[in-house]
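Structure assessment
For reference, the chains in residue letters:
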Amino acid sequence: MIDKQINIAFKEYTSINELPDADKALCNEAVKALDTSHSPYSHFKVGAALQLKSGTILRASNQENVAYPSGLCAERVALFNWGANHADDAIITMAVTAQTNDFDLLKPITSCGACLQVMAECEKIQNTPMRVLLYCINGPVWVVDGVQSFLPFLFFEDRLTH
Ligand SMILES: [Zn+2]
């Protein structure tokens, strides 16, 4: 038996002002996306923005439904839009942020497991990792250089793909 350990690496910036300009701009696009959130049940708005290789920005937000499982996270709204309409234009960076009036958000929100799995599939489709910026509007920004860092044991079976 061998004990093994996996370490993940990410960067923490104390505020958006420490970020390079392009990353700062993308975080602000994610903030703009908050306005389109449909979240009457959780009162928890999530905004996402994708920076594509061509320079195109795709914005998305969480979309809830009275039949709860029918809703979808902002990240997957963004990524499925990319897959349906822009898959030939690689995702360089994704920014995610959140806002609620119900409590103070003091650190970035992290994506759910289902969104991480979809991010992984998008990386596989485009054959390159995407950077992920997790932006807390009044707090730090965490920067991850690819989904593998979040999900080192992600499900992927090469024999299922052709
Ligand atoms: Zn999610």
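These figures come from a predicted structure and were not determined experimentally. Along every chain, residues carry numbers that run from 1 in the direction the sequence is written. Predicted model: local features are reported for residues with pLDDT of at least 70 only, side-chain atom pairs are reported and counted for 80 or more only, and whole-chain, interface and lining totals are derived from all residues.

1. What about the overall build of the protein?
Scanning the protein from terminus to terminus reveals 4 helices and 6 strands. In this treatment the radius of gyration is a C-alpha quantity, and the globule benchmark scales as 2.2 Å times the residue count to the 0.38 power. Its C-alpha radius of gyration of 16 Å places the protein within 12% of the 15 Å reference for a compact globule of 162 residues. Seen along its three principal axes, the alpha-carbon backbone of the protein occupies a region of about 45 × 40 × 35 Å. A total of 162 residues make up the protein; the buried ones form 31% of that total. With C-beta atoms placed from the backbone, a contact is any residue pair whose C-beta atoms sit within 7 Å. Look at the contacts in the protein between residues 6 or more apart in sequence, and 66% of them connect residues 24 or more apart. Labels follow the DSSP assignment, with helices taken as runs of H or I lasting at least four residues and strands as runs of E lasting at least two, numbered in each case from the N terminus. Three exposure classes are used, based on other C-beta atoms lying within 10 Å of a residue's own C-beta, which is placed from the backbone: buried for 20 or more, exposed for 12 or fewer, and partly exposed in between.

2. Some points on the nonpolar core
Of all hydrophobic cores here, the largest spans 39 residues; its most connected members are Ala 30, Ala 48, Ala 95 and Tyr 135. Elements with a contribution of two residues or more to this core: helix H1 (21-33), strand S2 (45-52), strand S3 (57-61), helix H2 (74-85), strand S4 (91-99), helix H3 (113-126), strand S5 (131-135) and strand S6 (141-144). Here Ala 48 is in contact with Ala 30, Ala 33, Ala 60, Ala 74, Glu 75, Ala 78, Met 94, Ala 95 and Val 96, once residues within four sequence places are set aside. Note on terminology: a nonpolar core is any set of buried Ala, Val, Leu, Ile, Met, Phe, Trp, Tyr and Cys residues joined through C-beta atoms within 7 Å.

3. Here we look at the sheet that holds S3
Following DSSP output, two strands are said to pair if at least two bridges run between them. Taken in spatial order, the 6 strands of this open sheet run S1-S6-S5-S4-S2-S3, and their pairing is mixed. Edge positions in the sheet fall to strand S1 (11-13) and S3, since each has one partner strand and no second. When the angles between neighbouring strand axes are averaged without regard to direction, this sheet yields 15 degrees. With 4 bridges connecting them, S5 and S6 associate as antiparallel partners. Each residue of the ladder has a partner; that of Tyr 135, found in S6, is Val 141. For helices, the axis comes from a line fit to the C-alpha atoms of the stretch in contact; other axes are also lines fit to C-alpha atoms, and the angle between any two N-to-C directions lies between 0 and 180 degrees.

4. What to know about H3
Between its first and last C-alpha atoms H3 spans 20 Å; for 14 residues at 1.5 Å apiece the expected length is 20 Å, and the two agree. The complete set of buried residues in H3 reads Cys 115, Val 118, Met 119, Ala 120 and Cys 122. Just downstream of H3, Asn 127 is the residue with a positive phi angle, here 60 degrees. The length a helix should cover is 1.5 Å for every residue beyond the first.

5. Remarks on unusual backbone geometry
Phi is mostly negative for residues that are not glycine, and the peptide bonds are mostly trans. With a phi angle near 55 degrees, His 43 is a residue other than glycine that sits in the positive phi range. For His 43, a count of 13 C-beta atoms within 10 Å translates into the label partly exposed. Unlike most non-glycine residues, Asn 127 shows phi in positive territory, near 60 degrees. Take Asn 127: it is sitting in the loop between H3 and S5.

6. Let's talk about the UniProt feature "domain: CMP/dCMP-type deaminase" (unreviewed entry) in the protein
UniProt positions are given in the numbering used here, feature names are shortened, and annotations may be inferred rather than shown by experiment. Per the UniProt record, the feature "domain: CMP/dCMP-type deaminase" (unreviewed entry) sits at residues 21-158. Segment residues 21-158 splits into 31% helix and 22% strand. End C-alpha atoms: 37 Å apart.

7. Focus: the pairing of S3
Within S3, 4 of the 5 residues are buried, leaving the element largely enclosed by the surrounding structure. Sheet topology note: the S2/S3 ladder contains 5 bridges and is antiparallel. Paired with Leu 50 across the bridge in S3 is Leu 58. Linking S2 to S3, which pair antiparallel, is a turn of 4 residues; within it Gly 55 sits at a positive phi near 105 degrees.

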